[in-house]
Amino acid sequence: AVLEAVASGRADVGGTYCQVDAEGKLASGPWEARTYGPALVALAVTEPVPPDVLCTAPGAPSALVARLRKALLAVDAEAEATAPLLRRMHARGFATPHPERYRRPGPGQA
């Protein structure tokens with residue numbers, strides 16, 4: 001919807017997701033599913049943001065959560081058993097989240 005609004009002129013700018021290659025150049029994004037013509041130009045790209053998050057229920061036993069986290073962090077992108085999962089997710093592996101990196105700054109904070 002965002003890209004349609006920008007392409008049609010209903011919005012001047014909009015944010016969406018994309019993937020960049022090893023050199024930081026645009027590799028893919030939602031514009032590939034439809035043709036918007038030359039109307040869309042990428043202005044800037046943020047640093048990487050985790051695309052997928054796996055969560056447990058608030059009441060999940062902490063020992064279970066710890067075991068799941070340890071198993072996910074140990075997933076090997078080259079292993080025969082896990083490589084198909086990571087390819088499907090367009091991922092190289094799992095990482096420990098750092099929610100503080102994505103919090104909106106409060107008043108007076110940069």
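So, how was this worked out
- Residues numbered from 1 in each chain as written.
- Predicted model: local features only at pLDDT ≥ 70, side-chain atom pairs only at ≥ 80, totals over all residues.
- Heavy atoms only, no water.
- Helix = DSSP H or I, 4+ residues; strand = E, 2+ residues; numbered from the N terminus.
- Buried < 20%, exposed > 50% of the residue type's maximum accessible area, 1.4 Å probe, protein only.
- Contact = heavy atoms within 4.5 Å.
- Areas by Shrake-Rupley, 256 points an atom, 1.4 Å probe, with all protein chains shown as cover.
- pLDDT = per-residue confidence, 0-100.
- Polar contact = N/O pair within 3.5 Å; in protein donor to acceptor, adjacent residues only side chain to side chain.

Some thoughts on the overall build of the protein
Link 1 in the chain: Within the protein, the regular secondary structure consists of 3 helices and 2 strands.
Link 2 in the chain: Here the protein holds 110 residues, and 11% of them are scored as buried.
Link 3 in the chain: Long-range pairs, those at least 24 residues apart, make up 29% of the contacts in the protein between residues at least 6 apart in sequence.
Link 4 in the chain: Total accessible area on the protein is roughly 9500 Å²; 56% of this is exposed by carbon and sulfur atoms.

Describing the confidence of the model for the protein
Link 1 in the chain: Of all residues in the protein, 81% attain a pLDDT of 70 or more, and the chain-wide mean is 79.
Link 2 in the chain: Taken element by element, the predicted model of the protein shows its lowest mean pLDDT in strand β2 (residues 26-28) (74) and its highest in helix α2 (residues 62-73) (93).

Details of the side chain of T82
Link 1 in the chain: For T82, the position within the fold is in the loop between α2 and α3 (83-89).
Link 2 in the chain: Polar contacts involving the side chain of T82 include one to the main-chain carbonyl oxygen of D76, which spans 2.5 Å.
Link 3 in the chain: Those residues in contact with T82, other than ones at most four positions away along the chain, are V75 and D76.

Brief notes about the environment of E4
Link 1 in the chain: For E4, the position within the fold is in helix α1 (residues 2-8).
Link 2 in the chain: In sequence terms E4 and L40 are 36 residues apart; their C-alpha atoms lie 9.8 Å from each other.

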